[in-house]
Amino acid sequence: MIDFAGLRPFATERQREYLDALEVHGSARKVGAALGVHHQSVMKSIHALEREAARRGYSPAHDMTHTVPDGFTVKGVSTYYDAEGKPRGQWVKSRADETAMLDRLADLVSGLAEAVDGKFKATPSPTVVLSDYLTVYPIGDPHVGMYAWGEQTGEDFDLEIAERDLRGAMVRLVQASPASHTAIVLNLGDLFHGDSPSNMTARSGNTLDIDTRWEKVMRIGARIMFWLVEHALEKHQTVIVRNVQGNHDDTSAFALSLILEAYFRNEQRVHVDASPTPFWYYRFGKVLIGATHGDKVKQADLPSIMAADRAADWGETAHRYYYSGHIHHKDMKEHFGVVCESFRTLAASDNYHHSHGYRSGRDMCAIVHHREWGEVERHRADILRIRSENG
């Protein structure tokens, strides 16, 4: 017996057509004849609809009538019965529907990319650049979209503050750095605090404090990256952009790269590396730089990973560096010929990290490399100085 009224809210347009026809004609064979399709196609579609309804929590034959909202799927149902076998209570556990989330992200990315495609027009190159120098701007865990209430965490933080601080740091660092021919704007992961409208981490399911709508967070995060790259172009001939996947933004990091590619499509001086690998490398003369978020491997293992991934470059370089984020505090050690460094964040602490006692300084830096000598200088933009200079 088909539950016509109960199934309609979960049906696609085609499935609703089949439901309406079944109510009128009474059998799949008659529907098939009326609509010009095979009767088995009709029943396959109805069975798929019933499975989708059950996945969302609706299957009266199994005493499941408590549905979950769009974007979620049922994880488990526990029903308890009385002595007569009648249901007296029910617990419904849900989880974010990953497929639905990815579809929503795809729609958002497609819309953003189309809206900004080719919008940035080619700009004049700097008059003088230093061809033997490379400047790296590592961005440690910006957590754009994170919300913190000062009375609870000691300091307010939201979208507006995140954008203001990142712009202020970039202004300070570009001004202080030499006009190297090439620059790398290196997002070390977790640029976005959340990866979907569920406002939970995808891997662990931790609830996140998010400032406003996820779609708005994506738009502002992209706008921040547009601006950081544009500002670097004012001083450097070539700007390479790399967004490393973080544990907070596995999917959004890749989506961001696609949006950046679209925005800078007409600017030959910008190169966006959108490769999906979690380990990224760049060779500059005798300098080899690696980058990863840092949530999947220990810092001490990075040199052996670099040697395995880039054996030829390893043998031909004298200065090797591996940059990471994730831990939100500064840690620099030399392991077997590679200087491994994690970077601080400019973001304030959310309630979870603050209540668990996490504390660290907050800054952003620029690192200057010479193609023969390796790192030759660095500049630091401290959060207090940034805010002092920018009001």
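Before going further, it helps to examine the sheet that holds strand β7 (residues 280-284). Taken together, 5 strands build an open sheet; the order of strands is β7-β8-β9-β11-β10 and the sheet is mixed. Two strands bound the open sheet, and with one partner strand each, they are β7 and β10 (331-335). Pairwise comparison of adjacent strand axes, ignoring direction, gives a mean angle of 15° for this sheet. Bridge count for strand β8 (residues 287-291) against strand β9 (residues 319-324) is 5 bridges, and the pairing is parallel. The residue of β9 that forms the bridge with Gly290 is Tyr322. Sheet strands touched by helix α10 (residues 302-309): β7, β8, β9, β10 and β11 (338-342). Its angle to β9, the strand with the most contacts, is close to 115°.

On inspection of all chains with the given rule, the structure shows 4 cavities of 30 Å³ or more. As for the largest cavity, its lining consists of Val244, Gln245, Pro278, Phe279, Thr292, His293, Gly294, Asp295, Lys296 and Val297.

Attention now goes to the pattern of salt bridges. Throughout the structure, instances matching the rule amount to 25 salt bridges. Between Arg8 and Asp20 there is a salt bridge, with its nearest N and O atoms 2.7 Å apart. Taken as a pair, Arg8 in the loop between α1 (4-7) and α2 (13-25) and Asp20 in helix α2 lie far apart in primary sequence, 12 residues in all. In this structure Arg8 comes out as partly exposed when scored by relative accessible area, which is 24%. The residue Glu372 makes a salt bridge to Lys286 at a minimum N-O spacing of 3.2 Å. Placement of the pair is Glu372 in the loop between β12 (363-370) and β13 (374-382) and Lys286 in the loop between β7 and β8, with a sequence separation of 86 residues. Taking relative accessible area as the criterion, Lys286 reaches 38% and is therefore assigned partly exposed. Among the charged side chains, a network of salt bridges with common partners joins Glu155, Arg164, Asp165, Arg362 and Arg387.

Each value, and the rule that gives it
- Residues numbered from 1 in each chain as written.
- Predicted model: local features only at pLDDT ≥ 70, side-chain atom pairs only at ≥ 80, totals over all residues.
- Heavy atoms only, no water.
- Pairing = 2+ DSSP bridges.
- Helix = DSSP H or I, 4+ residues; strand = E, 2+ residues; numbered from the N terminus.
- Axes fitted to C-alpha atoms, helices over the stretch in contact; angles between N-to-C directions.
- Contact = heavy atoms within 4.5 Å.
- 1 Å grid on protein atoms, 1.4 Å probe; cavity = no way out; pocket = protein on both sides within 12 Å on 5 of 7 lines; lining within 4 Å.
- Points joined across faces, edges and corners; volume = space filled by probe spheres on them.
- Salt bridge = Lys/Arg side-chain N within 4 Å of Asp/Glu carboxyl O.
- Buried < 20%, exposed > 50% of the residue type's maximum accessible area, 1.4 Å probe, protein only.

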